[in-house]
Structures are given as structure tokens and as C-alpha cells.
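Listed below, chain by chain, are the residues.
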Amino acid sequence: MEVVIVDSPAAGADLAADAIAQLLRAKPAAVLGLATGSTPLGVYDALVKLHEQEGLSFAQARGFALDEYVGLPADHPESYREVLQREIVGRVDFAPGAVRTPDGWASDLSAACLDYEEAIAEAGGVDLQILGIGTDGHIGFNEPSSSLASPTRVKTLTVETREDNARFFDGDMAAVPKHVLTQGIGTILRARHLVLLAWGANKAEAVAATVEGPVNSMMPASALQLHPHATIIVDDAAAAGLAQADYYRYVFANKPDWQGI
Ligand code: F6R
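Here we summarise the structure given alongside this text.

About the cut-offs
Residues numbered from 1 in each chain as written. Predicted model: local features only at pLDDT ≥ 70, side-chain atom pairs only at ≥ 80, totals over all residues. Heavy atoms only, no water. Near = heavy atom within 4 Å. Polar contact = N/O pair within 3.5 Å; in protein donor to acceptor, adjacent residues only side chain to side chain. Areas by Shrake-Rupley, 256 points an atom, 1.4 Å probe, with all protein chains shown as cover. Nonpolar A, V, L, I, M, F, W, Y, C, P; charged D, E, K, R; others polar. Buried < 20%, exposed > 50% of the residue type's maximum accessible area, 1.4 Å probe, protein only. Helix = DSSP H or I, 4+ residues; strand = E, 2+ residues; numbered from the N terminus. Pairing = 2+ DSSP bridges. Right-handed = clockwise from strand over helix to strand, strands pointing away.

Comments concerning the site of the ligand
Among the 15 residues in the neighbourhood of the ligand, the closest are listed as Thr36, Thr39, Asp67, His138 and Gly140. A distance of 2.6 Å separates an oxygen atom of the ligand from a polar side-chain atom of Thr36. Calculation on the ligand without its partners gives an accessible area of 410 Å², and the protein chains cover 95% of this total. Across the shell around the ligand, the residue classes break down as four nonpolar, eight polar and three charged.

The following block contains the structure:
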């Protein structure tokens, strides 16, 4: 696990976008794992800039969202299908249908989850997965007590997560769906490179427990400790609870130029 402490969310977003750009240049048909929420928005802005200014192409790439709400109207602006379309898919040159989200509108949700797992496997697996982290330590929508081997499935959001996400629904927690489809922790761990981003003091506790606490299903993001290539990019505020922050800074400052994240 590599922890990179950056001066600002913008610097962290650039680092993640550069890793994606490097991947796409080496492997134009790469499979990207796309998170939603506030955290990755700077990464998507940076990718759009690389697309517009340097011709970075997504034309052969594919993408898979981490999760989707269940029960929103099909055209709701906060469905993750719509959010991804607005924030990244419609702003670069992904081919039509190249980016998928779990089908939160399916009449058979379990079959939709199975179908999603199969689609990821058929695409050859995710090359680079962008992750945010919930204040309760969730990744995707794998809330505390999620199996660390879980596949894509239906989950019930915690009250904490619904309160956190009320800001996307005009502050109305009652409007935040209770149920979601989410890639499981087992699914996420199969991606070849995990890049978890966290900005702000409200993530500090979860970041510290993820990086320096025990691997524990009550802190789902701690499963990243089991992954051979996990990069945690945090700003100073989100790094505030890390006991070994000076060590992580030293390691990154002394990284050879040829070695990416
Ligand atoms: C979103 C997702 C969630 C968010 C997390 C943090 O697809 O899977 O795990 O990454 O809830 O959300 P923000 O970034 O809004 O703080």
C-alpha cells in the first residue's frame, strides 16, 4: 500500500488523472473503474483537460461504475448513470455504451448483479479503479460488516451515508434511496490497481483506520491492505490521523522518477 499525501485535492486529482492517462497511452482499450460522489470530480476535470488539450483518447476504453441507487426515477440527475454521463462520459470520446453502471432499475436485481459481475469479467477485469471513501469507511457502497469477499449485490445504506449524501438531494435525507447495487469488496479487489482518494478532515478517521488499523469488515476500506497495488492519495486534512505520515511523505519524496504511482 502506498500513501501519497498531497498539498491539495487538485494536486491529488492530477496525480490520479496522470496515472489514468499513462495507462490509456500504454493500453488504449483499458478498463477503468469509475467512482461517483464529490471526491473524483477533480480527476474527471483533469481527464477532460488532457482529452481536450493533449488528445487523450477514451475511444477504445471501457468503464464500469462502482455502484447505483435503487428506486430513483430513470432520468433522475443523481442516479450514478446520469452523474457519470454528466461528469466524464459525455465530456470525452468514450464509444456509446462503453461505460456501464449496475442496473438499479432491473425487475430482478440479483440477476442484474450477476450480469454486472459477468460483464466486468468479460471485459478482462478492471485495470485501474478509482475509489472514494465514506466517513464510515465504505468503498463502493460496501457498508461496515460487508464481507471482504463480497460480489456485486444489493446493499442497504447506513443512516450515516444517507445523511452524508443528502447534500446531493437538496439536503433531504428522505430522498436518498435506502438501497443500492454495488460492486462487492471481492469485486473491487480483483481490479489490478486501486487508487483511493480522500479529501478533508471528515475523512481523516476513516483514512487512518484504513491504512493503519486492522483489516476488518467494520472498516471496509481496510481490505485495500490485502491488495498488491493500492495507492491512497490524501490531502493534509484527510492525512491528519496517520501516525506514520512523515514516513509516507519521505517515501514519496524519494521515489525514483521512473516509478509511477
Ligand atoms: C461512489 C461511491 C462511494 C463514495 C463515498 C465518498 O461511487 O462508491 O463509496 O466514493 O461515499 O463520497 P464523496 O466522494 O461524495 O465523499
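Resuming the write-up.
Remarks on the pairing of strand E9 (residues 193-198)
E9 sits mainly inside the fold: six of its six residues count as buried. Side chains His193, Val195 and Leu197 of E9 all project onto a buried face; the interleaved residues Leu194, Leu196 and Ala198 project onto the opposite face, where all are buried too. Sheet analysis places E9 next to strand E10 (residues 230-235), joined by five bridges and oriented parallel. Opposite Ala198, over in E10, you have Val234 as the bridge partner. In this view, the connection linking E9 to its parallel neighbour E10 by way of helix H7 (residues 204-212) has right-handed handedness.

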